[in-house]
Amino acid sequence: MTAPVHALHVAPLLAGIAAQAAEADATRSVAPAVLAALKANPVMGMSASREIGGLESSVVDIGRELEAVAAACGSTAWCLWNHLCTFHFFCGLLGPDTAALLADVTKGRRWVCLPAGAGTSITGRPEGAEVVLTGQAAFGSGARYADHAGVSFVFEGERRPRFALVGTGQPGVRIDPTWKAMSLRASATDHVHYDGVRVPAARVVPFVPGYRALFRDPARPMVNARYREDWVALSDLWLGGMAVGVAEAALREACDGIQGRIAIMGTKMVERPTIHVNLGHAGALVEAARASVTDACARTDARIAGGVTPTETDYLQQLAASMMALKLCDEAMRLVLRVLGGNGLREGGSFERRYRDFQAMPLHINAHPDRVNEQYGRHLLGLPPENPF
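Computed from a predicted structure; not experimentally measured.

Caption draft 1: Examining the overall build of the protein chain more closely. Of regular secondary structure, the protein chain possesses 12 helices and 8 strands. Relative to its length of 389 residues, the protein chain is compact, with a C-alpha radius of gyration of 21 Å against a globular reference of 21 Å. In terms of its C-alpha atoms, the protein chain occupies a principal-axis envelope of roughly 80 × 45 × 40 Å. Expressed as a percentage of the 389 residues in the protein chain, the buried residues total 54%. For the protein chain, contacts bridging at least 24 residues in sequence account for 73% of all contacts bridging at least 6. Carbon and sulfur atoms form 57% of the exposed surface of the protein chain, whose accessible area is close to 16,100 Å². Charged side chains of the protein chain number 38 positive and 38 negative; the gap between the two group centres comes to 2 Å.

Structure, rendered in structure tokens:
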């Protein structure tokens, strides 16, 4: 999905994003100046349709932006990725009745997140024209930087999930910096606590587990038909593009750094055949990964442009394309590590950080190979899906 850097919305920001990457990793926080610059940049509205003041950008173009940011800083890209793909989901879930709220988020270039991972438990209590939320949510990537959080909850005594969008600055919202992982250290994938947080009851919508089938129903009104494309599938495709950005940056830096290095017995590393073999193999893997996600993104754009509603096969093929791109980039990263060797690690550089950041990508629940392969395999056998997303 490579595009000329100057053609990207984030082009003016890339040098600053890269310059703070090491410090962001060390302090576990993206630089405030970078966050402010991103919020002021048109990239924030790329997944928003024109009806709500967005750019309505192509899936390919969004992937290109994220690939470039990931090459500069994995944590920063991860947070931006979460914003773009979860906002796509929010638009489909909240629908035209909340278009004014969605437009306010878009035009204000406000950041959104979706803390709803394992360990999330939130209950709601109706109180007049409001709903009062209490509980905690986990895995809120970008939560400390966000202006709004999507909240999945159940009413007391019920099991049917509901959804609402909550301002992170509201009274009763507290973000606990719990993300202490080795990867994406500045991603703020934190816990969000809700203590008596009030939301208008009119903004609460059902959170149907099989929502992707519901979104494909032509009778369901949507803000824009692009939101019939599943957000998990798009998140996987864009994650594949980010993996390409990280792997290609690692490969490029390895090629640059190896030029003057001397191996054991005085041999120039740049002249060793095994170096050529491993770097060539890594380069081919990265290009194959890029081709996989670019083709799947382009096919998605063609459906959107043609007004074609996606099918379950389309959804699973999107997931499969991303999964294979991640697998190819994983192999490429290991080959770069082999080329760098002990001296390459001893000398420092950015590879260790990139390698650590990459490890989180194929482990994300949306793109996890075990989840994707099982779903795709069941589909090929004509069996119904069992996973809710």
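Caption draft 2: A look at the environment of Ala282. Position of Ala282 relative to the elements: it lies in helix α9 (residues 273-306). Setting aside chain neighbours within four positions, we find Ala282 in contact with Leu251, Ala332, Leu335 and Val336.

Caption draft 3: View of the packing of aromatic side chains. Per the stated rule, a full pass over the model turns up 13 aromatic pairs. Their ring planes at 45 degrees and their centres at 5.2 Å tell us that Phe90 and Phe163 sit as a pair that is tilted. Within this pair, whereas Phe90 is found in helix α5 (residues 74-94), its partner Phe163 is found in strand β5 (residues 161-167), the two being separated by 73 residues in sequence. Comparing Phe90 with Phe163, the two get one shared label, buried. With a centroid separation of 5.6 Å and 85 degrees between ring planes, the pair formed by Phe153 and Phe155 is classed as edge-to-face. An aromatic cluster is present here, built from Phe89, Phe90, Phe163, Phe207, Tyr211, Phe215 and Trp231 joined pairwise through their rings.

Caption draft 4: Fine view of the pairing of β5. Counting buried positions over the 7 residues of β5 gives 6, a clear majority of the element. Relative to β5, strand β4 (residues 148-155) runs antiparallel, the two being bridged by 7 bridges. Bridge pairing links Val151 to Ala164 in β5. Hairpin connection of β4 to β5: 5 residues between the antiparallel strands, including Gly157 at a positive phi of 85 degrees. Strand direction decides the pairing type here: β5 and strand β8 (residues 205-206), joined by 2 bridges, are antiparallel. Bridge assignment links Arg162 to a residue of β8, and that residue is Pro206.

Caption draft 5: Geometry of the nonpolar core. Core analysis: the largest hydrophobic core is formed by 125 residues, its most contacted members being Leu133 and Tyr194. Sequence-distant contacts of Tyr194, that is, excluding residues within four places in its chain, are made with Pro115, Ile122, Leu133, Thr134, Gly135, Ala137, Ala149, Gly150, Val151, Val166, Gly172 and Val173.

Caption draft 6: Examining the state of the cysteines more closely. Within the structure shown, the criterion is met by 0 disulfides. Counting only cysteine sulfurs, Cys79 is the nearest neighbor of Cys85, a cysteine outside any disulfide, at a range of 11 Å. Residue classification places Cys85 among the buried positions, given a relative accessible area of 2%.

Caption draft 7: Fine view of the pattern of salt bridges. In the structure shown here, the tally under the stated rule is 23 salt bridges. Ionic pairing is found between Asp147 and Lys39, a salt bridge with its closest N-O pair at 3.4 Å. Within this pair, whereas Asp147 is found in the loop between β3 (130-140) and β4, its partner Lys39 is found in helix α3 (residues 32-39), the two being separated by 108 residues in sequence. Residue classification places Asp147 among the partly exposed positions, given a relative accessible area of 26%. Exposure remark for Lys39: the relative accessible area of 24% places this residue in the partly exposed category. For Asp330, the salt bridge is made with Arg334, and the minimal N-O distance between the two is 3.4 Å. Of this pair, Asp330 and Arg334 both sit in helix α10 (residues 312-346), 4 residues apart, roughly one helical turn. Taken together, the shared-partner salt bridges in this structure form one network comprising Asp25, Arg185, Glu352 and Arg356.

Caption draft 8: Unusual backbone geometry, seen in detail. If you check the backbone angles, Arg109 has positive phi at about 50 degrees while not being a glycine. For Arg109, the location among the structural elements is in the loop between α6 (99-107) and β1 (112-113). With a relative accessible area of 33%, Arg109 lands in the partly exposed category.

Thresholds, definitions, all that
- Residues numbered from 1 in each chain as written.
- Predicted model: local features only at pLDDT ≥ 70, side-chain atom pairs only at ≥ 80, totals over all residues.
- Heavy atoms only, no water.
- Helix = DSSP H or I, 4+ residues; strand = E, 2+ residues; numbered from the N terminus.
- Rg over C-alpha atoms; globule rule 2.2 N^0.38 Å.
- Buried < 20%, exposed > 50% of the residue type's maximum accessible area, 1.4 Å probe, protein only.
- Contact = heavy atoms within 4.5 Å.
- Areas by Shrake-Rupley, 256 points an atom, 1.4 Å probe, with all protein chains shown as cover.
- Lys, Arg positive; Asp, Glu negative; His and termini not counted.
- Charge placed at Lys NZ, Arg CZ, Asp CG, Glu CD.
- Phe/Tyr/Trp six-rings, centres within 6.5 Å; stacked < 30°, edge-to-face > 60°.
- Pairing = 2+ DSSP bridges.
- Core = buried A, V, L, I, M, F, W, Y, C linked by side-chain atoms within 4.5 Å.
- Disulfide = S-S within 2.5 Å.
- Salt bridge = Lys/Arg side-chain N within 4 Å of Asp/Glu carboxyl O.

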